[in-house]
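# Chains, contacts and geometry: an overview
Below are the chains, spelled out letter by letter.
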Amino acid sequence: MWAVVMYIGQVLKDVLKLPRPLAPPVVKLEKRVDAEYGLPSTHAMAATAISFTLLLSAPERLQFQWEVGVLLAVLLSVLVCLSRLYTGMHSALDVICGVLITAAILAASYPLWAWFDEVQLQWWGSPALALVLPALLCYSYPELDHYSPTRGDTTIIMGAASGCWLGYWLNQRLGRTFEPERPLPVTLPALTPATLTRGALRFGLGLLVLLATRQIVRRASLALVCRCHGASPSDRDARCRKAIEVPYKFITYAAIGLLNTTLLNRLFLLLGLL
């Protein structure tokens, strides 16, 4: 749902072309995305999508107090929304529209989530769909009269989602889905020193592996794509061209998503961290 919501939000930005708030009255604390348009706030959309998707899907897998889950989901969404106002990157309208659009997407898609899971994990054509559909969406992204990081950011999101999708399908086919051995829903584990230590080790090791993967695959894919187009990998303008930016970023983050969902969990099992 994160990838779906983010793609819709990014496309809406570049179709509506509504500017970000001017400063003053606000002071912008982030400068990287000045070239992006404002409405809707994709940070607000992502926070709402992630927190409420987890909330709605968790009861099948975890035992927890529903009221606490709702409180945490609302709190996370509100904090992210307020942060966009505080940093001067969005108006209240941008944030409100982002939340409402996400709520509409979640409400419309929720009855289909089980079907989506079935297609993703069981259908024989799922690997091809996992690679082709996100890539086509990246190449069909709306064109602008100036360079904006939205296309590159969207490609990163779609690439990561593509790799994760393929990884989940592979795990299902190989018969190793890393599901809990106990019947679902399971109780949350106690936060003992041993549990916290294993969690910290998984986080640190996973981060190192994924950063190394990003560096290696990015260099290799960028060099290959630039060579195919007769460009230099050090040419910043060339890296912003659609024919170069989309494939190298898609390949890089698809590899990260695939590694994250397949090999990392096996590494954690091998080291006794899972």
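Once a new chain begins, its residue numbering starts again from 1 and follows that chain's sequence as written. For this predicted model, a pLDDT threshold of at least 70 governs which residues receive local features, and a threshold of 80 or more governs which side-chain atom pairs are given and counted, while totals over whole chains, interfaces and linings are taken from all residues. Hydrogens and waters are ignored; side-chain quantities use all the structure's heavy atoms.

A few words on the nonpolar core. Put simply, a nonpolar core is a bunch of buried Ala, Val, Leu, Ile, Met, Phe, Trp, Tyr and Cys residues held in one set by side-chain atoms that sit within 4.5 Å of each other. Each residue is placed in one exposure class: buried if its accessible area under a 1.4 Å probe, protein chains only, is under 20% of its type's maximum, exposed if it is over 50%, and partly exposed if it falls in between. Tyr 7, Cys 138, Met 158 and Phe 250 are the most contacted members of the largest nonpolar core, which totals 13 residues. Secondary structure counts use DSSP, requiring at least four H or I residues in a row for a helix and at least two E residues in a row for a strand, with both numbered from the N terminus. Residue contributions to this core peak at four residues, all from helix α1 (residues 2-16). In what follows, a contact means two residues having at least one pair of non-hydrogen atoms within 4.5 Å. With residues near it in sequence (within four places) discarded, Met 158 still touches Ala 3, Tyr 7, Pro 134, Leu 137, Cys 138 and Phe 250. Ranked by size, the runner-up nonpolar core spans seven residues in total, among them Leu 222, Cys 226, Ala 231 and Tyr 248.

Another point: the environment of Trp 113. Following the sequence through the fold, Trp 113 ends up in helix α5 (residues 113-122). Through-space distance from the C-alpha of Trp 113 to that of Met 1 is 9.3 Å; in sequence the pair is 112 residues apart.

A few words now on the environment of Ile 101. The residue Ile 101 is located in helix α4 (residues 92-109) in this model. Using a relative accessible area of 24% as the deciding quantity, one classes Ile 101 as partly exposed. For the pair Ile 101 and Tyr 141, spaced 40 residues apart in sequence, the C-alpha separation works out to 19 Å. Those residues in contact with Ile 101 that sit more than four places away from it in its chain are Leu 12, Pro 40 and Met 45.

What follows deals with the pattern of salt bridges. By definition here, a salt bridge exists when the distance from a side-chain nitrogen of Lys or Arg to a carboxyl oxygen of Asp or Glu is within 4 Å. This model, assessed by the stated rule, comprises three salt bridges. Measuring nitrogen to oxygen at the nearest pair gives 3.1 Å for the salt bridge that ties Glu 143 to Lys 242. Pair noted here: Glu 143 is in the loop between α6 (126-139) and α7 (149-174) and Lys 242 is in helix α10 (residues 242-261), with a separation of 99 residues, a long-range link. Looking at Lys 242, the relative accessible area reads 23%, which means it is partly exposed. Of the charged contacts, one joins Arg 151 and Glu 245 as a salt bridge, the two residues approaching to 2.9 Å between their closest N and O atoms. Taken together, the residues Arg 151 in helix α7 and Glu 245 in helix α10 connect sequence positions 94 residues apart. The exposure classification of Arg 151 matches that of Glu 245, with both residues buried. Among the charged side chains, a salt-bridge network with shared partners connects Arg 151, Glu 245 and Lys 249.

Together, Val 68, Leu 72, Leu 75 and Leu 79 make up a nonpolar patch on the protein surface, roughly 370 Å² of accessible area in all. Mapped onto the fold, Val 68 is located in helix α3 (residues 66-86). Patches draw on residues past 30% relative accessible area with no salt bridge. Two like charges within 9 Å are joined, as are two nonpolar side chains (Val, Leu, Ile, Met, Phe, Trp, Tyr) within 5 Å. Note on areas: Shrake-Rupley, 1.4 Å probe, and residue coverage restricted to the protein chains presented here.

Moving on, we get to the side chain of Lys 249. With respect to the helices and strands, Lys 249 occurs in helix α10. When sequence neighbours within four positions are dropped, the list of residues in contact with Lys 249 reads Tyr 147, Gly 152, Thr 155 and Ile 156.

A separate point is unusual backbone geometry. The phi angle at Lys 17 is positive, at roughly 55°, despite the residue not being glycine. With respect to the helices and strands, Lys 17 occurs in the loop between α1 and α2 (42-57). The exposure class assigned to Lys 17 is partly exposed, which follows from its relative accessible area of 41%.

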